[in-house]
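Per-entry structural report
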Amino acid sequence: MSADWPVFRFDQIDSTNTEAKRRAATGRFEDQWLVAGQQSAGRGRQGKAWLSPLGNLYATALFSEPGGIPVALRIPFAAALAVSDTLTRFAGTAGIQLKWPNDVRADGQKVSGILVETGGGDPVHWIAAGIGINVSAMPDNPGQPATTLSALCGQPVDVNAVFETLRASFAARLLQARTGFESLRTDWLARAEGLGQAVSVRTGDQAVEGVFEDMEADGGLRLRLPDGSARIIRAGEVNLLGRS
């Protein structure tokens, strides 16, 4: 499992996910971790830049997935749970919650971002699960309230210790994802930010408001609209009303 995969380290790189895609494109790769001290062209979801100052963790798990697309669709939730498991090991609960689909926040402040990419069609040939954790450095312009793991702990935290904990947590959550989605879904909902509350979801140029009612069996967000109807959101940016 991923706790035993080899680790390739870089002082600086354009993006660990981009490097993972380069390695996957050769068609000959082993399951592995890629870890960087800094990224010059980090990427987030929906094409957003991911600012990557020194002092944080930037890692990508690159692996083949025999379970194909069904398992691949679970990986963003598994990765978010792995990160929350990791943060909890260092900072206790500290208000750590999961913002759909896979941001990890503490009291409404972003601590981690995740970008999962796949290739090879069906069956999926490879998955690159990119994970960034603000360990000690705050991005200059995070685009939303943010904090660091060190701030949550009230003392400096070693990046390498965070990565080693993440490796073990990711291995456990990957195994869980490969056995089905229901237990993963239950664990994710137990840490969900905004569940049962009014939220706004931006999809493209439109924003829709309603109550975050549940998460579907395929990971979609179920939104209860003011007229009583339900809408399933497959992709979008969620914000609690009254909070960024």
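Look up: the structure comes first, before these words.
Basis of the calculations
Residues numbered from 1 in each chain as written. Predicted model: local features only at pLDDT ≥ 70, side-chain atom pairs only at ≥ 80, totals over all residues. Heavy atoms only, no water. Core = buried A, V, L, I, M, F, W, Y, C linked by side-chain atoms within 4.5 Å. Buried < 20%, exposed > 50% of the residue type's maximum accessible area, 1.4 Å probe, protein only. Helix = DSSP H or I, 4+ residues; strand = E, 2+ residues; numbered from the N terminus. Pairing = 2+ DSSP bridges. Axes fitted to C-alpha atoms, helices over the stretch in contact; angles between N-to-C directions. Salt bridge = Lys/Arg side-chain N within 4 Å of Asp/Glu carboxyl O. Contact = heavy atoms within 4.5 Å. Polar contact = N/O pair within 3.5 Å; in protein donor to acceptor, adjacent residues only side chain to side chain. Phe/Tyr/Trp six-rings, centres within 6.5 Å; stacked < 30°, edge-to-face > 60°. Lys NZ or Arg CZ within 6 Å of the ring centre and 35° of its normal.

**Looking at the nonpolar core**
- Leu-57, Phe-170 and Trp-188 are the most contacted members of the largest nonpolar core, which has 56 residues in total.
- Here the element with the most residues in this core is helix 3 (residues 75-91); it accounts for 10 residues.
- Formed by seven residues, the second largest nonpolar core is a distinct cluster that contains Ala-24, Leu-34, Trp-126 and Ala-128.

**Re the sheet that holds strand 8 (residues 198-203)**
- Reading across from one edge, 11-10-9-8-12 is the order of the five strands in this open sheet, with antiparallel pairing throughout. Here the strands that pair on one side only, and so sit at the sheet edges, are strand 11 (230-233) and strand 12 (237-240). For this sheet, the mean inter-axis angle between neighbouring strands, taken without regard to orientation, is 45°.
- Bridge count for strand 8 against strand 9 (residues 206-215) is six bridges, and the pairing is antiparallel.

**Structural notes on the pairing of strand 4 (residues 96-99)**
- Alignment of strand 4 against strand 5 (residues 103-106), held across four bridges, turns out to be antiparallel. Note that in strand 5 the partner of Leu-98 across the bridge is Val-104.
- Where strand 4 folds back onto strand 5 in an antiparallel hairpin, the turn is made up of three residues.

**A look at the environment of Pro-6**
- Here Pro-6 lies in the segment before strand 1 (7-13).
- Since its relative accessible area comes to 30%, Pro-6 is described here as partly exposed.
- For the pair Pro-6 and Trp-33, spaced 27 residues apart in sequence, the C-alpha separation works out to 6.2 Å.

**Digging into the pattern of salt bridges**
- Counted under the stated rule, the structure contains 20 salt bridges.
- Arg-191 is the salt-bridge partner of Asp-85, the closest N and O atoms lying 2.7 Å from each other. Of this pair, Asp-85 sits in helix 3 while Arg-191 sits in the loop between helix 6 (182-190) and strand 8; the two residues are 106 residues apart in sequence, bridging distant segments of the chain.
- By relative accessible area, which is 18% here, Asp-85 ends up buried.
- Since its relative accessible area comes to 25%, Arg-191 is described here as partly exposed.
- Note that Lys-110 is salt-bridged to Asp-103, the shortest N-O span being 3.5 Å. Considered together, Lys-110 and Asp-103 belong to a single accessibility category, that of buried residues.
- Through salt bridges with shared partners, one network takes in Glu-182, Arg-185, Glu-213, Asp-214, Glu-216, Arg-222 and Arg-224.

**Digging into the environment of Thr-16**
- Assignment of secondary structure puts Thr-16 in helix 1 (residues 16-25).
- Using a relative accessible area of 3% as the deciding quantity, one classes Thr-16 as buried.
- Distance from Thr-16 to Trp-33, taken between C-alpha atoms, is 9.1 Å for residues 17 residues apart in sequence.
- The residues touching Thr-16, leaving out its near neighbours within four places in the chain, are Leu-34, Val-35, Ala-36, Gln-39, Tyr-58, Ala-59 and Thr-60.
- Within polar-contact distance, the side chain of Thr-16 engages the side chain of Thr-60 at 2.7 Å.

**So, the packing of aromatic side chains**
- Scanning the model with the defined rule gives six aromatic pairs in all.
- Aromatic pair Trp-33 and Phe-170: ring centres 5.4 Å apart, planes at 75°, arrangement edge-to-face. Here Trp-33, found in strand 2 (residues 32-39), pairs with Phe-170, found in helix 5 (residues 159-179); they are 137 residues apart in sequence, far enough to count as distant.
- Summarising the aromatic geometry, the rings of Phe-63 and Phe-170 are spaced 6.1 Å apart at their centres and angled 70° between planes, so their arrangement reads as edge-to-face. In this pair, Phe-63 is assigned in strand 3 (residues 57-63) and Phe-170 in helix 5, connecting sequence segments 107 residues apart.
- With relative accessibility at 0%, the residue Phe-63 sits in the buried group.
- With a relative accessible area of 2%, Phe-170 lands in the buried category.
- An aromatic cluster is defined as three or more aromatic residues linked by ring pairs; in this entry it consists of Trp-5, Trp-33, Phe-63, Phe-163 and Phe-170.
- The side chain of Arg-23 reaches across the aromatic face of Phe-8, ending 4.6 Å from its centre.

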